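Chains, contacts and geometry: an overview
For reference, the chains in residue letters:
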Amino acid sequence: MTKIAVIGSGTMGNGIAHTFAQFGYQVNLIDINQEALNKGLSTVGKNLDRQVNKGTITEEDKAKTLQNITIFTDLKSGVSEADLIVEAATENLDLKLKIFRDLDAYAKPEAILASNTSSISITHIASVTGRGEKVIGMHFMNPVPVMKLVEVIRGYATSDETTSLIMSLSEKLGKAPVEVNDYPGFVANRILMPMINEAIYTLFEGVAGVEEIDTVMKLGMAHPMGPLQLADFIGLDVCLAILNVLHKGFGNPKYAPCPLLVNMVMAGKKGVKSGEGFYDYAGGVKEAKPAAKFLS
């Protein structure tokens, strides 16, 4: 398995492409427009520069990594020769189903189709293909080049052979793969998102302010980042989408998203990506917004 295709050049997609390319794989990075691809490649370059500055890689390593990435705006051309295709598009079920229908038509029969989804059913995604045994989840963590964990999610039809190949491949990337079964949110987000949602409720109900909630979790529970800052970093729209998957998948009211989260997303306050969430990121400076702004 030497040829990799990555669909989506956003935060996760360019990080996945960076990681594979750094470990010597030939990577086709695919997106719908050239501007998105140029932005993704620029991000890869900046992240490689950070690695050079830290002394973890050399300038030669950086050059080789960039040389290993080829960009495509045409899906069929980008995936036709790939051994593994990793989809890292927006966390939207209809979009993913369309992509996987196309991948099943365009990819060679022996190619493995993986999704970087953080919550959507791999079994559902596989159902629109004719190769359910070769469809699997590869849920990388952000930032991909740094974080070690990969959740490897087995759909109902995923074969032992496919699972073994992806577990082994993840290890070759310097990652620590963990095999999990296909239920809403898998492990990471089934545990993380209710905690973030509860932190939002704690703010919404006036128990404490943004910085106070995050400080309690950082200093009291040794979390490297408070839940509200983490939500901003993930994207409040992504958090909402995952909570909706959990709520619908389990039918349990404990997963219902806090009304404050719903309102913030509807108002376009999505966290770091929009410049404002629970913190204000104007001018590149993170400042907690006053608690009164969030009260029910």
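Conventions and cut-offs
Residues numbered from 1 in each chain as written. Predicted model: local features only at pLDDT ≥ 70, side-chain atom pairs only at ≥ 80, totals over all residues. Heavy atoms only, no water. Helix = DSSP H or I, 4+ residues; strand = E, 2+ residues; numbered from the N terminus. Rg over C-alpha atoms; globule rule 2.2 N^0.38 Å. Buried < 20%, exposed > 50% of the residue type's maximum accessible area, 1.4 Å probe, protein only. Contact = heavy atoms within 4.5 Å. Areas by Shrake-Rupley, 256 points an atom, 1.4 Å probe, with all protein chains shown as cover. UniProt positions renumbered as here; feature names shortened; annotations may be inferred. Domains from an automatic or database assignment. Buried area = accessible area lost by both parts, 1.4 Å probe. Salt bridge = Lys/Arg side-chain N within 4 Å of Asp/Glu carboxyl O. Polar contact = N/O pair within 3.5 Å; in protein donor to acceptor, adjacent residues only side chain to side chain. Nonpolar A, V, L, I, M, F, W, Y, C, P; charged D, E, K, R; others polar. Core = buried A, V, L, I, M, F, W, Y, C linked by side-chain atoms within 4.5 Å.

Bringing the overall build of the protein into the picture now. The number of helices and strands found in the protein is twelve helices and ten strands. Here the C-alpha atoms of the protein give a radius of gyration of 19 Å, agreeing with the 19 Å that 2.2 N^0.38 yields for 296 residues. Summarising its shape, the C-alpha atoms of the protein cover approximately 55 × 45 × 35 Å along the three principal directions. Evaluated residue by residue, the protein yields a buried proportion of 47% over its 296 residues. Taking the intrachain contacts of the protein between residues at least 6 apart in sequence as the baseline, contacts between residues at least 24 apart amount to 65%. Of the roughly 13,900 Å² of accessible surface on the protein, 54% is carried by carbon and sulfur atoms.

Taking the UniProt record as the reference, the feature "site: Important for catalytic activity" (unreviewed entry) is found at His139. Counting through the fold element by element, His139 comes out in strand S6 (residues 135–140). Not counting residues within four places of it along the chain, the set of residues in contact with His139 comprises Ser115, Asn116, Thr117, Ser118, Leu149, Val150, Glu151, Ile153, Ala188 and Asn189.

It is worth spelling out the domain arrangement of the protein at this point. What the domain assignment reports for the protein is domain 1 (3–181) and domain 2 (189–291). Contact with domain 1, which involves seven residues of that partner, is made by five residues of domain 2. Taken over both partners, the interface formed by domain 1 and domain 2 buries close to 470 Å², and the fraction arising from carbon and sulfur atoms is 60%. At the junction of domain 1 with domain 2, the criterion picks out zero salt bridges. Inspection of the region where domain 1 meets domain 2 yields one residue pair in polar contact (both at pLDDT 80 or more). Counted by class, the side of domain 1 that touches domain 2 contains two nonpolar, four polar and one charged residues.

Turning our eyes to something else, we now look at the side chain of Ser118. By the secondary structure assignment, Ser118 is in the loop between strand S5 (112–115) and helix H6 (122–126). Excluding residues that lie within four positions of it along the chain, Ser118 makes contacts with Glu91, His139, Gly185, Phe186, Asn189 and Ile242.

Moving on, we come to the nonpolar core. Among the nonpolar cores identified, the biggest contains 31 residues, and Ile16, Phe20, Val27, Leu84, Met138, Phe140 and Ile166 are the most heavily contacted of them. With five residues, helix H1 (residues 11–22) is the single largest residue contributor to this core. Counting 27 residues, the second-largest nonpolar core is a separate cluster that includes Leu230, Leu243, Leu260 and Tyr281.

Attention shifts here to the pattern of salt bridges. On inspection of all chains with the given rule, the structure shows twelve salt bridges. Asp83 serves as the salt-bridge partner of Lys108, at 2.8 Å between the closest nitrogen and oxygen. On the criterion of sequence distance, the pair formed by Lys108 in the loop between helix H5 (93–106) and S5 and Asp83 in the loop between helix H4 (75–79) and strand S4 (84–87) is long-range, its members being 25 residues apart. The class for Asp83 is buried, based on a relative accessible area of 18%. Taking the shortest distance from any N to any O, the salt bridge between Glu87 and Lys96 comes out at 2.4 Å. Its relative accessible area of 1% is what places Lys96 among the buried residues.

Moving on, we come to unusual backbone geometry. Here Asn142 and Pro143 are connected by a cis peptide whose omega angle stands at 0 degrees. Inspection of the secondary structure assignment puts Pro143 in the loop between S6 and strand S7 (149–154).

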